[in-house]
Amino acid sequence: MIFEKLANIDRRIIYLFVLVSLSAPMIMGVTLTPVPLPTSKAFFDSIEKLDNSSGKIVIISSDWGPNTKAENKPQTEAAIEHLMRKRIPFAITTLYALAEPFLRSMPRDIAEKLEKEAPGEKWEYGKDWVNIGYKPGGSLMIQGLAKSADIRSFWKTDASGTPLESIPMLKSVRSLKDVQLLIETTGLVGAFGQWIGFFLVEDYRPDMLHGCTSITIPEARTYFSSGQITGLLEGVAGAAAYEKLLSDQNPNRLPGEGWITNTGLAFAQICIIGFIIIGNLGFFLSRKRRGESS
Amino acid sequence: MNINYRKELIRLLTFLSGLYFFLEFLTPEAWLVSAFGKDFSIYHQRISEGFILVGAMAIFLGVINLVRFHAKAILKSRKGWINSAILILSLVVTLGIRSSEVVLQESRVNALTRVANWSKFVGVIKEDFYSGENKNAPDRLLTLTSDIEAFEKEITSEDNVFYSQDSSAILEKLSKSKLETQILRLAYERLDNRQISTFTDTLSKTLEESRQLAFSASQNKLDSSSVKIASSMIFEAFFVPLGSAMFSLLAFYVASAAYRSFRIKTLEAGIMMFAALLVVLGQIPQGPLYIYSGLPGIREWLLEYLSTPAFRAILFGSMIAGLSMAFRMWLSLEDSPLDSEAE
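Note that this is a predicted model, so its numbers are computed, not measured.

Novice: Sorry if this is basic, but what is going on with the overall build of chain A here?
Specialist: Secondary structure summary: chain A contains 11 helices and 6 strands in total. Reported as C-alpha extents along the three principal axes, the dimensions of chain A are approximately 80 × 45 × 30 Å. The burial tally for chain A puts 57% of its 294 residues in the buried class. Restricting to contacts in chain A with at least 6 residues of sequence separation, those with at least 24 account for 76%. Both charge centroids of chain A, one from 32 positive and one from 31 negative side chains, sit 4 Å from each other.

Novice: Just checking my understanding: could you explain the pairing of strand β4 (residues 179-186) of chain A for this structure?
Specialist: Two faces make up the sheet, and in a regular strand the side chains alternate between them. Residue and element names in this part refer to chain A. For β4, the buried fraction is high: 8 of the 8 residues fall into the buried class. Here strand β1 (residues 57-63) runs beside β4; their pairing, made up of 7 bridges, is parallel. Residue pairing across strands places Val58 opposite Leu181, the latter belonging to β4. Two strands pair when backbone bridges link them, and β4 and strand β5 (residues 207-212) are joined in this way by 6 bridges, in the parallel orientation. Bridge pairing in β5 places Leu181 opposite Asp207. Each parallel crossover has a hand, and for β4 linked through helix α8 (residues 191-198) to β5 it is right-handed.

Novice: Please explain the sheet that holds strand β6 (residues 231-234) of chain A as it appears in this structure.
Specialist: Residue and element names in this part refer to chain A. Spatially, the 6 strands line up as an open sheet ordered β3-β2-β1-β4-β5-β6, and their pairing is parallel. With partners counted over all chains shown, the strands left at the sheet margins are β3 (129-134) and β6, one partner each. Averaged over all pairs of adjacent strands, the angle between strand axes in this sheet comes to 15°, irrespective of strand direction. Sheet analysis places β1 next to strand β2 (residues 90-94), joined by 4 bridges and oriented parallel. Paired with Ser61 across the strands is Thr93, a residue of β2. This element, helix α3 (residues 38-48), spans β4, β5 and β6 of the sheet and lies at about 135° to β6. Packed onto the sheet, helix α9 (residues 217-225) meets β5 and β6 and runs at close to 165° relative to β6.

Novice: Even after reading the chapter, I still don't get the interface of chain A and chain B, so can you show me in this structure?
Specialist: The parts lose accessible area when they come together, and the size of an interface is often stated as this lost area. Contact residues are listed per partner, giving 68 residues for chain A and 60 residues for chain B. Of the roughly 5700 Å² buried where chain A meets chain B, counting both sides, 64% is carbon and sulfur surface. Considering only the surface of chain A that becomes buried against chain B, A:Leu140, A:Lys147 and A:Arg221 emerge as the three largest contributors, covering 11% of it. Here chain A and chain B share 6 salt bridges between them. Across the salt bridge formed by A:Arg221 and B:Glu300, the nearest N and O atoms sit 2.9 Å from each other. Counting the contacts that link chain A with chain B gives 19 residue pairs in polar contact (both at pLDDT 80 or more). Elements with a minimum of two residues in the side of chain A that touches chain B: α1 (2-7), α2 (11-28), α5 (100-117), α6 (139-147), α7 (151-155), α8, α9 and α11 (257-293) of chain A. Element by element, the count of residues in the side of chain A that touches chain B is highest for α11(A), at 13 residues. Of the residues that constitute the side of chain A that touches chain B, the class distribution is 36 nonpolar, 20 polar and 12 charged.

Novice: I'm lost on empty space enclosed by the protein in this one. Help?
Specialist: Picture a little ball the size of a water molecule; that probe, rolled over the atoms, points out where space is still empty. Residue and element names in this part refer to chain A. Tallied over the entire structure, the rule returns 1 cavity of 30 Å³ or more. Roughly 70 Å³ of internal volume is contained in the largest cavity. Around the largest cavity sit 13 residues that line it, and Leu188, Phe192, His210, Thr216 and Glu219 are the ones nearest its centre. Mapped onto the lining of the largest cavity, the elements with two or more residues apiece are α8, β5 and α9. When the residues that make up the lining of the largest cavity are grouped by side-chain class, the tally is 6 nonpolar, 6 polar and 1 charged.

Novice: I would appreciate a short explanation of the pattern of salt bridges in the present structure.
Specialist: A side chain of one charge can pair with a side chain of the opposite charge if their charged atoms are brought near each other. With the rule as written, the count across this model stands at 36 salt bridges over all chains. The residue A:Asp45 makes a salt bridge to A:Lys41 at a minimum N-O spacing of 3.0 Å. With A:Asp45 and A:Lys41 both in helix α3 and 4 residues apart, this pair spans about one turn of that helix. Residue A:Asp45 is classed as partly exposed on the basis of its relative accessible area, which comes to 33%. Taking relative accessible area as the criterion, A:Lys41 reaches 39% and is therefore assigned partly exposed. Between B:Glu152 and B:Lys178 there is a salt bridge whose closest N-O contact spans 2.8 Å.

Novice: Looking at this model, I keep getting lost on unusual backbone geometry. Mind explaining?
Specialist: Apart from glycine, the bulk of residues carry a negative phi angle, and the bulk of peptide bonds sit in the trans form. At A:Arg87, a residue that is not glycine, the phi angle is positive and equals roughly 60°. Mapped onto the elements of the fold, A:Arg87 is located in the loop between α4 (69-85) and β2. In this structure, B:Ser332 is a non-glycine residue whose phi angle is positive, near 55°. By the secondary structure assignment, B:Ser332 is in the loop between α10 (295-330) and α11 (337-342).

Novice: Just checking my understanding: could you explain the packing of aromatic side chains for this structure?
Specialist: Centre distance and the angle of the planes are the two values used to describe a pair of aromatic rings. In total, this model carries 24 aromatic pairs over all chains according to the counting rule given. A ring pair is formed by B:Trp301 and B:Tyr305, whose centres lie 6.1 Å apart and whose planes are at 40°; its orientation type is tilted. With B:Trp301 and B:Tyr305 both in helix α10 and 4 residues apart, the pair spans about one turn of that helix. Owing to a relative accessible area of 55%, B:Tyr305 belongs among the exposed residues under this scheme. Between B:Phe327 and B:Trp330, the ring centres sit 5.7 Å apart and the planes meet at 50°, which makes this aromatic pair tilted. One end of the pair is B:Phe327 and the other is B:Trp330, both in helix α10 and 3 residues apart, which spans about a single turn. Taken together, A:Trp64, A:Phe102, B:Phe235 and B:Phe239 form an aromatic cluster joined through their ring pairs. Geometry around A:Trp123 places A:Arg87 over its ring, the cationic atom sitting 4.1 Å from the centre. Directly above the ring of B:Tyr259 sits B:Arg263, whose terminal nitrogen or CZ lies 5.0 Å from the centroid.

Novice: What should I look at first to understand the environment of A:Arg290 in this one?
Specialist: Residues and elements named next belong to chain A. Tracing the chain through its elements places Arg290 in helix α11. On the basis of relative accessibility, which here comes to 46%, the residue Arg290 falls in the partly exposed class. Put simply, Arg290 and Lys5 are 285 residues apart on the chain and 14 Å apart in space, counted from C-alpha to C-alpha.

Reading guide: rules and limits
- Residues numbered from 1 in each chain as written.
- Chains lettered and ligands numbered in written order.
- Predicted model: local features only at pLDDT ≥ 70, side-chain atom pairs only at ≥ 80, totals over all residues.
- Heavy atoms only, no water.
- Helix = DSSP H or I, 4+ residues; strand = E, 2+ residues; numbered from the N terminus.
- Buried < 20%, exposed > 50% of the residue type's maximum accessible area, 1.4 Å probe, protein only.
- Contact = heavy atoms within 4.5 Å.
- Lys, Arg positive; Asp, Glu negative; His and termini not counted.
- Charge placed at Lys NZ, Arg CZ, Asp CG, Glu CD.
- Pairing = 2+ DSSP bridges.
- Right-handed = clockwise from strand over helix to strand, strands pointing away.
- Axes fitted to C-alpha atoms, helices over the stretch in contact; angles between N-to-C directions.
- Buried area = accessible area lost by both parts, 1.4 Å probe.
- Salt bridge = Lys/Arg side-chain N within 4 Å of Asp/Glu carboxyl O.
- Polar contact = N/O pair within 3.5 Å; in protein donor to acceptor, adjacent residues only side chain to side chain.
- Nonpolar A, V, L, I, M, F, W, Y, C, P; charged D, E, K, R; others polar.
- 1 Å grid on protein atoms, 1.4 Å probe; cavity = no way out; pocket = protein on both sides within 12 Å on 5 of 7 lines; lining within 4 Å.
- Points joined across faces, edges and corners; volume = space filled by probe spheres on them.
- Phe/Tyr/Trp six-rings, centres within 6.5 Å; stacked < 30°, edge-to-face > 60°.
- Lys NZ or Arg CZ within 6 Å of the ring centre and 35° of its normal.

This is the structure in structure tokens:
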């Protein structure tokens, strides 16, 4: 009887345990050191080797919305923070309309955080970053951007309507060859494939980094192991591992969102594993009991 | 035999559009340049924009369809009509607020363009003066002064996009630029080349500083406008939490489904469950939850040498299927909705 109960626990009890195990560490502010991941280390190293005096920019395509915010936001924020710390100018854009408000808030919030951490230093819109906003067209937009002789005239204005020609950090930017790196974060299947397929010209292709959700890791891994991307952030665990590298480099840095979410997630995962073991135990023992009685 | 011309026209357009993008992608750029005599990317950009525009039109069709369907449900008081009413109301409110935001933004951009053009205008006056195209530089500078004066009056109005706490700083810069315009005008009248060059640069710099101040003042004004606050509220207070909550429900379903379906009934199920557990445990943070230090390495091995090759094979298969599907659609071999319409 007890074994059958173990094999058929009411789903509401499971929900309750998941809720408590997931949220309690986050509410209590418990943070555990993330496990180092080679893919995150490769991501970190790719940004570390960038040159901030070349006049070339980085493009961040933040193709995610509220649904995958928990995984993609910490990844994008950590990448933005790293670029800002290294003073590498970047343009942030999206192919996904629902991501647009995040493009405005993320760089601004991180600049404020860094300014608090390093009083006297300043990160400014137009000099350190530019928000291009939502650009419709998917692969057509990517193809057009890659082939454009002048990226500024292709994009025309930033998200607030300011002509890109008057943005200081884009003064020397013309073609794709002035883009040293592309970072794309998304939870949409196939979205990154569009950048891989079309963001190139005959004789140049910028390095590419990718942040994916846990569910799309198998797809993203194929690009990493083939060398088409030089770094990968695997879900929130990848973001946390990347944040750990940033914290090691900057000891005053406070743990970011990825680190906190990853801790809560770990407790929830342990909880689910516990239920799976209990379920199997109940299943085997009740089957054994039935076998004995028959 | 009856020929459905509408259908045939769509087939033809589909084929030609597909052919264009296919050839454009494969043809080397140098060939295109030699064939057209100039950079083909300019034409391609316009054509691509045209296609994007056609795609955007589909959104309007979607909205019309949505409104028709739900309006019918409300009018006929069908079961769940209240949900339809909420949907229509949300659509109207969001559309109204977002449209007002776009209008506000457009007026700001137009006003900023006017300010940005001043420094360009000063440069053009100098170029025209030396090229002999238009020697009437002092009069043109007078026009600039009067435009700056008109602008000064406009920004003191509370409704103006530049009116904010920073307005006094902009006014200060504008007064300075008016003074510098007068000095430059005198330099043109005296035909003093050295002074023309120096004062053009000084004036351009001041006008650029005015533009930057106007930019931040108008941004602050826009951010504090009620339309912008309402728009942000719709996104941050409704859309983000609702969207996140919908996706978060998956966590609970996955937990319940994992508990019920991960039963070791066969050897294959056992292997699958064991591999999944190793992958999950391999990314658990260090500390009290850390079971064995070799787990991250095992996770990496499983993902790199088992999962990735298997997924690559699946990807190749699906890509080939996708390619054949694309060819079928390109050549209109797939069943079209128009076929069923004809039937």
